[in-house]
Amino acid sequence: MIRRVPIFWDASNYYEKGTRYYAIKGIDSGTAIAVEEQQDMWVKAVYLHEAPFHWTDILPYILMGIAAFVLFIVLSLRYASKKEPRQH
């Protein structure tokens, strides 16, 4: 029996984006999965190694850091402008 499972470590260089992956009954999906190559034809894909590091892996953290820095500057400037006495 084969059932559809979500695979989040999709790092295949062989199969196209959108290829369907399935769990194989009795086998941990971290070890091997079934890949649907054609309608009703599956191939057992064995997990070999981690995907290599790429700078885009940390891009969300870089963007969050920049956003936090900009927010800090904006809030600091607003706070500082409220502290200054107003000239009438």
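Residues numbered from 1 in each chain as written. Predicted model: local features only at pLDDT ≥ 70, side-chain atom pairs only at ≥ 80, totals over all residues. Heavy atoms only, no water.

Draft legend 1. Spotlight on the packing of aromatic side chains. For the coordinates displayed, the defined rule picks out one aromatic pair. Centre to centre, the rings of Tyr22 and Trp42 are 6.3 Å apart; their planes meet at 90 degrees, and the pair counts as edge-to-face. You can see Tyr22 sitting in strand β2 (residues 21-24) and its partner Trp42 sitting in strand β4 (residues 41-46), a full 20 residues away along the chain. Residue Trp42 is classed as partly exposed on the basis of its relative accessible area, which comes to 37%. (Phe/Tyr/Trp six-rings, centres within 6.5 Å; stacked < 30°, edge-to-face > 60°. Helix = DSSP H or I, 4+ residues; strand = E, 2+ residues; numbered from the N terminus. Buried < 20%, exposed > 50% of the residue type's maximum accessible area, 1.4 Å probe, protein only.)

Draft legend 2. Looking closely at the side chain of Glu36. Relative to the assigned elements, Glu36 resides in strand β3 (residues 32-38). For Glu36, which is buried and forms no salt bridge, the nearest opposite charge comes from Arg20, at a distance of 4.2 Å. For Glu36, the side chain forms a polar contact with the side chain of Tyr22, separated by 3.3 Å. Residues in contact with Glu36, not counting those within four places in the same chain, are Thr19, Arg20, Tyr22, Met41 and Trp42. (Lys, Arg positive; Asp, Glu negative; His and termini not counted. Salt bridge = Lys/Arg side-chain N within 4 Å of Asp/Glu carboxyl O. Polar contact = N/O pair within 3.5 Å; in protein donor to acceptor, adjacent residues only side chain to side chain. Contact = heavy atoms within 4.5 Å.)

Draft legend 3. Quick look at unusual backbone geometry. Its identity as a non-glycine residue notwithstanding, Asp40 has a phi of 60 degrees, on the positive side. Position of Asp40 relative to the elements: it lies in the loop between β3 and β4.

Draft legend 4. Up close: the pairing of β3. A large share of β3 lies buried, amounting to five of its seven residues. Summarising the sheet, β2 and β3 pair through two bridges and their orientation is antiparallel. Following the sheet pairing, Tyr21 is matched in β3 by Val35. Direction of pairing for β3 relative to β4: antiparallel, over a ladder of six bridges. By the bridge assignment for β4, Ala32 is matched with Val46. Linking β3 to β4, which pair antiparallel, is a turn of two residues; within it Asp40 sits at a positive phi near 60 degrees. (Pairing = 2+ DSSP bridges.)

Draft legend 5. The environment of Tyr47, seen in detail. Note that Tyr47 resides in the loop between β4 and α1 (59-83). You can call Tyr47 partly exposed: its relative accessible area is 31%. Along the sequence, Tyr47 and Thr31 sit 16 residues apart, while their C-alpha atoms lie 5.3 Å from each other.

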